[in-house]
Amino acid sequence: MSVTRSDTAEAPGPTDTALRRRIAATLLPGFVGTTVPAWLEERLRNGLGGVCLFGQNVESAAQLRALTDAIYAANPDAVIAIDEEGGDVTRLYYDSGSPFPGNAVLGRLGDTDYTEAVARRVGEELHAVGVNLDLAPDVDINSNADNPVIGVRSFGSTPEVVAEQGAAWTRGLQSAGVAVCAKHFPGHGDTAQDSHLELPEVDLTVEQLRERELLPFRAVVAAGARTVMTSHILLPRIDPDLPATFSRAVVEDLLRGELGFTGVVVTDALDMHGASGDRGIPEAAVLALAAGCDLLCIGTENTDAQLAAIEDAIAVAIAAGRLGEDRVEEAAGRVRALADGVRADAAAHTAARSTADDRGRAADIDDADVERVLEAFDVSGYAASWLRDHHGRYSVVRVDTVANIAIGQAPWGPFAEVAVETATDRTRSRFATNPLVVFTEGDDPDLVLAAASPVLVVGKDNHRHAFAREAIDRLRAHRDDVLVVDMGWPSDDRAYADIATFGASRLIGRALIELLDRDDTGGTGDNP
C-alpha cells in the first residue's frame, strides 16, 4: 500500500467520540514519573490502549503495584507493558541489576526446562506487580558479532537454538498469566547499526529470511505468543521504500500471511530514529497502522501534546482516505481482545497459584542459579591458569562503554553485585576489596597503567570499541598477567575475551565473582 500526504483534509470533529476512542485504543505511550499524571489518567478514562513502563517509572515492587492499580482504575482494559527481558535489559531491577541470567546464557546452556522455569519466574514477578504484557523475548538471531543493539539479548547465533529457546521462554512467561511480545520481526540480528539511532539495512531475500530469521518467529507463534513486535529495519529486497514497521509486505504478507499470526502486532518505539527520524512520530503512527500494526509503542517520556498530535494525524489520514477507518477499528479490536485475554489468563493464574510456589521477588540470588550460569562461561586455558596463579589478589580495570538505549544505565556485572553487598552489609567478596580503576572513552590512555600487576579487565563487547581494545593492548604491553573478561557478546576469535560470560546481569556478576574468589580446590576460601 502506498501512502501519500494530504495537507488539505481536516480531522473529524471532536464530537466523533467513537472514532477518537478507537484511535486512542491503538496507542501505548510512556510517561515521566512513578505515579499516573493527570493528563494520562484522563486519556486512560477516554480509552487509551495502555502504557509502557520503563526503568524511570519503577522505584519498588510496592510502588509499581500501586501504579498499575491506578492505571487499571482509570481503564480496566489497559495494556500495561514493560521491557523485562530477564537479563541485561531489565526494568524491574533497573536500580540494582537483574537477578536473572539473560538469553545468551540460556541459549548456551540449552536446557529448555530451565529456560521455561526462568521465564515463569519473570512472569510471576510481572504478574505480582500488575504488568500484563512483557516486551520479550528477543528472538533475533545474533548472526553478527558486531551487532550493537542485540548481542547477549539473543539466545544465540543459530536459528535452531533461538527457536527452541524462544518457544520455551514463551511458554514459561505466558504460564504466569502475562503475554509475551516476541521481537524484532522479521529479525534485527544481522545488523551492525542500532535502529534507535539510524535505519539499519538488511540485504536478505525472502528465501533467506525463511531459512534463518523467520524460524524463531514461527516457533514462538506456534507456542502461542499473543503479540509480536516489528523492527525499524529496511529490507530492500522485500520493500525498498519502507522499514518493516511500515511495510505491508512484512506485516501482512510475511507475519500474518505466511506465519499465520493472528494476535496483536506491536511496533517498536516510534520515537526511534529508524521509525520517525525523517518523518516525525505522528506520520510514523499513520504509516504503522496502514501497514497492519495494531498497538503503537510511542516512546519513553511522552506528553499529552504529543498524543494529541498523533491522534489528530491519524484522524486526518482517515478523513483524507489515506488510512481506512476499518483498519483502525480492526487494530483497536485486537487490542481489546488482548486485554480481555490477558485479564482472563491473569485471573486463572491467580486462582490456580499455590502459595507454596510463591518465591517472591528474585532479588536474593539462588546459589543454584549461580552454578548454572557458570556452566555457560567460556574460560580459556590461559584464564584457568591465571585464576590458579592469582587467586583473590589483583587490580581491577572496569572499562565503561556507552550502553545502548535498550539497556540504559542499569548497574551491571560484578559491580552491581558489589553495590548490593555494600547496601545490604553483606560480607564483601574478595573481588570487592581489590583496587579499582574505572576507564571510559576519552580518558587519558595512561590511566589504565594505574593498575598494578596482575590485572583483571572487565568490559562489555570489548572488541567493538577502539578505545577498549587500545586500553587492553596497552595493559598487555606494560603489565604482566592481564586477564580480560568480556561480559557482552565476544568476537569469534576471543581476542579480547579470555573469559566470556555472555551477559552482564547481576546474577552473572555474582557468578563471575564466585569464579574469581574460588581457590584451586573449588572453594571460595575466607575473606582476608
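It should be emphasised that the depicted structure is a prediction, and the values quoted were computed from it without experimental measurement.

*Asks:* Where do I start with the environment of Ala-315 in this structure?
*Replies:* Tracing the sequence through the fold places Ala-315 in helix α12 (residues 304-319). When the C-alpha positions of Ala-315 and Arg-91 are compared, they lie 33 Å apart, and in sequence the two are 224 residues distant.

*Asks:* Just checking my understanding: could you explain the packing of helix α1 (residues 17-24) against α12 for this structure?
*Replies:* Each packed pair of helices is defined by two parameters, the angle between the axes and the distance between the axes. Contact geometry of α1 with α12 gives a least axis separation of 10 Å together with a crossing angle of 120 degrees. By the criterion of interaxial angle, the relationship of α1 to α12 is oblique. Both α1 and α12 take part in a crossing whose hand is right-handed. Where α1 approaches α12, its residues Leu-19, Arg-20, Ile-23 and Ala-24 are matched on the opposing element by Glu-311, Asp-312, Ile-314, Ala-315 and Ile-318. For the contact of α1 with α12, the residue count by class is six nonpolar, no polar and three charged.

*Asks:* What's the story with the environment of Trp-412 in this structure? I'm lost.
*Replies:* Position of Trp-412 among the secondary structure elements: in the loop between β10 (395-400) and α16 (413-423). Among the residues examined, Trp-412 registers a relative accessible area of 8% and is labelled buried. Residues Trp-412 and Arg-506 lie 94 residues apart in sequence; the distance between their C-alpha atoms is 5.9 Å. Setting aside residues no more than four positions away along its own chain, Trp-412 makes contact with Arg-398, Val-399, Asp-400, Val-458, Gly-459, Lys-460, Met-487 and Ala-504.

*Asks:* What exactly am I supposed to notice about the sheet that holds β10 here?
*Replies:* The strands making up a sheet are joined through hydrogen bonds of the backbone, oriented either antiparallel or parallel. Taken in spatial order, the six strands of this open sheet run β9-β14-β13-β12-β10-β11, and their pairing is mixed. A single partner strand is all that each edge strand has here, and the edge strands are β9 (378-379) and β11 (436-440).

*Asks:* Mind showing me how you'd approach the environment of Ala-419 here?
*Replies:* You can see Ala-419 is positioned in helix α16. Accessibility expressed as a relative area gives 43% for Ala-419, which makes it partly exposed.

*Asks:* How should the pairing of strand β6 (residues 227-230) be read in this particular structure?
*Replies:* Side-chain direction in a regular strand flips from residue to residue, so the side chains alternate between the two faces of the sheet. The alternating pattern of β6 places Thr-227 and Met-229 and Val-228 and Thr-230 on opposite faces, both of which are buried. Direction of pairing for strand β5 (residues 179-185) relative to β6: parallel, over a ladder of three bridges. From the neighbouring strand, Ala-182 faces β6, where its bridge partner is Val-228. You can see the chain leave β6, run along helix α9 (residues 248-258) and come back into strand β7 (residues 264-266), and the turn it takes is right-handed.

*Asks:* How do you make sense of the pairing of β11 when you look at a structure like this?
*Replies:* Side-chain alternation along β11 places Val-437 and Phe-439 on a buried face and Leu-436, Val-438 and Thr-440 on a face that remains uncovered. Where β10 and β11 come together, five bridges link them in parallel fashion. Within β11, the residue paired with Val-399 across the bridge is Phe-439.

*Asks:* Help me understand the packing of aromatic side chains, please; the structure alone is not making it clear to me.
*Replies:* Aromatic rings considered in pairs are described by the distance between their centres and by the relative angle of their planes. Overall, the coordinates contain seven aromatic pairs when judged by the stated rule. Each ring, one from Phe-439 and one from Phe-467, has its centre 5.9 Å from the other, and the planes form 35 degrees; the classification is tilted. Taken together, the residues Phe-439 in strand β11 and Phe-467 in helix α18 (residues 466-478) connect sequence positions 28 residues apart. This pair shows no difference in class: Phe-439 is buried, exactly as Phe-467 is. Chaining the aromatic ring pairs together yields one cluster made of Trp-412, Phe-415 and Phe-431. Seen from the ring of Tyr-114, Arg-372 lies directly overhead, with NZ or CZ sitting 4.8 Å from the centre. The cationic tip of Arg-398 hangs over the ring face of Phe-415; the distance from NZ or CZ to the ring centre is 4.5 Å.

*Asks:* Where do I start with the confidence of the model for the chain in this structure?
*Replies:* On average, residues of the chain score 90 in pLDDT, and 91% of them reach the 70 mark or higher. Segment residues 1-8: pLDDT under 50, and twelve contacts once partners within four positions in sequence are set aside and those in other chains are kept. Long-range and interchain partners of residues 355-360, a stretch whose pLDDT sits below 50, account for four contacts in this model, where long-range means more than four residues apart.

*Asks:* Whenever I open this one, the nonpolar core confuses me. Can you help?
*Replies:* Grouped burial of nonpolar side chains is what soluble globular proteins tend to show. If you look at the biggest cluster of nonpolar residues, it comprises 125 residues, and the most contacted ones within it are Ile-314 and Leu-456. By residue number, the principal contributor to this core is helix α11 (residues 281-291), which donates nine residues. Sequence-distant contacts of Ile-314, that is, excluding residues within four places in its chain, are made with Ile-23, Leu-27, Ala-285, Val-286, Leu-289, Leu-323 and Val-328. Val-79, Leu-133, Cys-297 and Val-342 belong to the second largest nonpolar core, which has 20 residues in total.

*Asks:* Hey, could you run me through the sheet that holds strand β3 (residues 79-82) in this one?
*Replies:* Pairing is parallel across the open sheet formed by six strands, whose spatial order is β2-β3-β4-β5-β6-β7. Both edges of this open sheet fall to β2 (50-53) and β7, since each of them pairs with a single strand only. By the bridge criterion, two bridges tie strand β4 (residues 133-134) to β5 in an arrangement that is parallel. In the strand pairing of β5, Asp-134 is matched with Val-180. This element, α9, spans β5, β6 and β7 of the sheet and lies at about 140 degrees to β7.

*Asks:* Help me understand unusual backbone geometry in this model?
*Replies:* Residues other than glycine predominantly adopt negative phi, and peptide bonds predominantly adopt the trans conformation. Of the consecutive residues Phe-185 and Pro-186, the connecting peptide bond is found in the cis state with omega at 0 degrees. Relative to the helices and strands, Pro-186 resides in the loop between β5 and α7 (206-211). Looking along the chain, the bond that leaves Ser-453 and enters Pro-454 is cis, with omega of -10 degrees. With respect to the helices and strands, the residue Pro-454 is situated in the loop between β11 and β12 (455-459). For Arg-494, which is not a glycine, the phi torsion comes out positive at approximately 55 degrees. Mapped onto the secondary structure, Arg-494 falls in the loop between β13 (482-486) and β14 (499-500). Given the relative accessible area of 25%, Arg-494 is considered partly exposed.

*Asks:* It is not clear to me how the pattern of salt bridges should be interpreted in this structure. Could you clarify?
*Replies:* Pairing between side chains of opposite charge can happen when their charged atoms approach one another. Within the structure shown, the criterion is met by 40 salt bridges. Between Glu-207 and Arg-210 there is a salt bridge, and its shortest N-O distance comes to 3.9 Å. Separated by three residues within a single helix, Glu-207 and Arg-210 lie in helix α7, roughly one turn from each other. Using a relative accessible area of 47% as the deciding quantity, one classes Glu-207 as partly exposed. Here Arg-210 falls in the partly exposed class, since its relative accessible area comes to 35%.

Thresholds, definitions, all that
Residues numbered from 1 in each chain as written. Predicted model: local features only at pLDDT ≥ 70, side-chain atom pairs only at ≥ 80, totals over all residues. Heavy atoms only, no water. Helix = DSSP H or I, 4+ residues; strand = E, 2+ residues; numbered from the N terminus. Axes fitted to C-alpha atoms, helices over the stretch in contact; angles between N-to-C directions. Parallel < 35°, antiparallel > 145°, perpendicular 65-115°, else oblique. Left-handed = near helix turned anticlockwise from the far one by under 90°. Contact = heavy atoms within 4.5 Å. Nonpolar A, V, L, I, M, F, W, Y, C, P; charged D, E, K, R; others polar. Buried < 20%, exposed > 50% of the residue type's maximum accessible area, 1.4 Å probe, protein only. Pairing = 2+ DSSP bridges. Right-handed = clockwise from strand over helix to strand, strands pointing away. Phe/Tyr/Trp six-rings, centres within 6.5 Å; stacked < 30°, edge-to-face > 60°. Lys NZ or Arg CZ within 6 Å of the ring centre and 35° of its normal. pLDDT = per-residue confidence, 0-100. Core = buried A, V, L, I, M, F, W, Y, C linked by side-chain atoms within 4.5 Å. Salt bridge = Lys/Arg side-chain N within 4 Å of Asp/Glu carboxyl O.

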